[in-house]
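In case you want the letters, here they are:
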Amino acid sequence: MNFRNVVKVLVFFLIMPFALLAVSSEAYSGTGGDSASVSLPAGVSRDWFGKVSEDIRKSEYLPRAIVENEGALIAPNRKQGFRSEFNASGIVLSQRETPPGYSESWNWKLSVKNWGREGAKSGIENVNPLISGNRVEYRRGGLVEWYLNDERGLEQGFDIAQKPRGEGFLRINFEVGGNLEGQLDAGNSKLLFSHKSQGAVLNFGGLLALDDEGRRLPASFSYEGTSLSLIVDDSEAKYPIVIDPLAAGAATILEANQASAGFGLKVTGVGDLNKDGYADVVVGAPYYDNIYVNNGRIFLYYGSPAGVSSTASSFNPQVNQDYANYGWAVTAGDFNGDTWIDLAVG
């Protein structure tokens, strides 16, 4: 029997999570991720924990499939305070958590309607988004729409392989939805979107268009009501070209979101789970956004002759609800007497 294929996990929803923590003397019961303050099991170094913590932090921004919505993807953005959902009709940015004192969260929707030049526009067919490395892509023949989610925000890009036919400027036309009102700046290079009660919450700007030789192309926005256009003067461009704006939280809201930036990491030595002769380690991250807000996740690291691996296994059991805080407590033992070590996670 191979443990890698038959890991058994018992999930507990605990009113008092520290009750289970007390079972394992090697579990860390703090709420931060600071390497200097976390109690580590024997054989686990500070350097190892520092690398693992950074990998966990970065991994939260990666896109993943939504189980309940076939074909759709999601990418949380803790630092900017929003979550991005990608479906066949476009993207939806929604507020990660409603701030205290407000009754409504904000959401912002964006979908490409057509592109090209006046009199020669190409319509857009709905296609499911794809994960390509750390990017989300919509592949529509000559137009590839892509997104990269990281601490800066949600970067949007368009790769256009060949110069579209027709005369005039190149335009990519969008429909905007949601409960935000937009305002275009005087230079037509940035939009600021505001919520009726929360104020300014989202910037859409950082507009950059480059041709194949790295030359910057003149680019601007046009915006009215629910219609948004991205306009590029490609008259002197050598194709292919890339167009690359960025959506990020407005500066006024960033500071408030940093209070919840820790994952509450807890490190637990769990013995030799896969019976290879080396001790393994589980890192619980109860405040991790594993598709849902703060639903939590555990990361399993196998031991080896060279020490505990710093690359997590693919093992990823999920609790599909907001604020489940899965991973708050971890312990291990042979609970059913089959000689294999089991995990109990709360």
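Every value quoted in this text rests on a predicted model; they were computed, and no experiment measured them.

The rules behind these values
- Every chain is numbered on its own, with residues counted from 1 as its sequence reads.
- Residue-level local features of this predicted model are given only where pLDDT is at least 70; pairs of side-chain atoms are given and counted only at 80 or more, and the full residue set underlies all totals for whole chains, interfaces and linings.
- Here the side-chain values reflect all heavy atoms present in the structure, with hydrogen atoms and water set aside.
- Helix numbering and strand numbering both begin at the N terminus, where a helix is a DSSP run of H or I of at least 4 residues and a strand a DSSP run of E of at least 2.
- Accessible area is worked out with a 1.4 Å probe on protein chains only. A residue is then buried under 20% of its type maximum, exposed over 50%, and partly exposed in between.
- A helix is expected to span 1.5 Å multiplied by its residue count minus one.
- What the arc measures is the spread of directions leading from the helix axis to the C-beta atoms.
- In what follows, residue pairs with any heavy atoms lying within 4.5 Å of each other are defined as contacts.
- One requirement defines pairing of two strands: DSSP has to find at least two bridges between them.
- Whenever a helix is involved, its axis is fitted only over the stretch in contact; in every case the axis is a line through C-alpha atoms, and angles between N-to-C directions fall within 0 to 180 degrees.
- Scored from 0 to 100, pLDDT reflects the predictor's confidence in each residue.

Trainee: Can you lay out the environment of Leu 130 for me, pointing to particular residues and giving the numbers?
Mentor: The residue Leu 130 is located in strand S8 (residues 130-132) in this model. Judged by its relative accessible area of 38%, Leu 130 falls in the partly exposed class. Spatially, the C-alpha atoms of Leu 130 and Arg 64 are 9.8 Å apart, while their sequence positions differ by 66 residues.

Trainee: Describe helix H3 (residues 46-59), and please don't skip the residues or the numbers.
Mentor: The end-to-end C-alpha distance of H3 is 20 Å, a good match for the 20 Å that 14 residues give at a rise of 1.5 Å each. Residues of H3 that are buried include every one of Trp 48, Phe 49, Val 52, Ser 53, Ile 56 and Ser 59, and no others. The arc enclosing the buried residues of H3, seen along the axis, measures out at 130°, which places them on a common side. Buried positions along H3 lie against strand S2 (64-65), strand S21 (266-271), strand S22 (280-285) and strand S23 (297-301).

Trainee: Summarise the pairing of strand S11 (residues 153-160); cite the residues concerned and give the values.
Mentor: Judged by how many residues are buried, S11 sits mostly within the fold: 7 of 8 residues are covered. Of the strand pairs in this sheet, strand S10 (residues 143-150) and S11 are connected by 8 bridges, and their pairing is antiparallel. Bridge pairing links Leu 148 to Glu 155 in S11. Hairpin remark: S10 followed by S11, antiparallel, with 2 residues in the connecting loop. Where S11 and strand S19 (residues 241-243) come together, 3 bridges link them in antiparallel fashion. Each residue of the ladder has a partner; that of Phe 158, found in S19, is Ile 243.

Trainee: Please provide a residue-by-residue account of the sheet that holds S23, values included.
Mentor: Read from one edge to the other, the open sheet built from 3 strands follows the order S21-S22-S23, with strand pairing classed as antiparallel. Each edge of the open sheet carries a strand with a single partner, namely S21 and S23. Neighbouring strand axes in the sheet, compared pairwise and without regard to direction, differ in orientation by 25° on average. In the sheet, S22 pairs with S23 via 5 bridges, with the strands oriented antiparallel. Bridge pairing in S23 links Val 283 to Phe 299. In the packing of H3 onto the sheet, the strands contacted are S21, S22 and S23, and the crossing angle to S23 comes to about 135°.

Trainee: Any chance you could break down the confidence of the model for the protein chain for me, citing the residues and the numbers?
Mentor: For the protein chain, the average pLDDT comes to 82, and 85% of its residues sit at 70 or higher. Within the protein chain, the lowest mean pLDDT, 24, falls on helix H2 (residues 18-21), and the highest, 96, falls on strand S12 (residues 170-178). Across residues 1-34 the pLDDT falls below 50, and counting only partners more than four positions away or on other chains, this stretch makes 82 contacts in the model. Throughout residues 251-261 the model reports pLDDT below 50, and contacts reaching past four residues in sequence, or to other chains, amount to 17 contacts.

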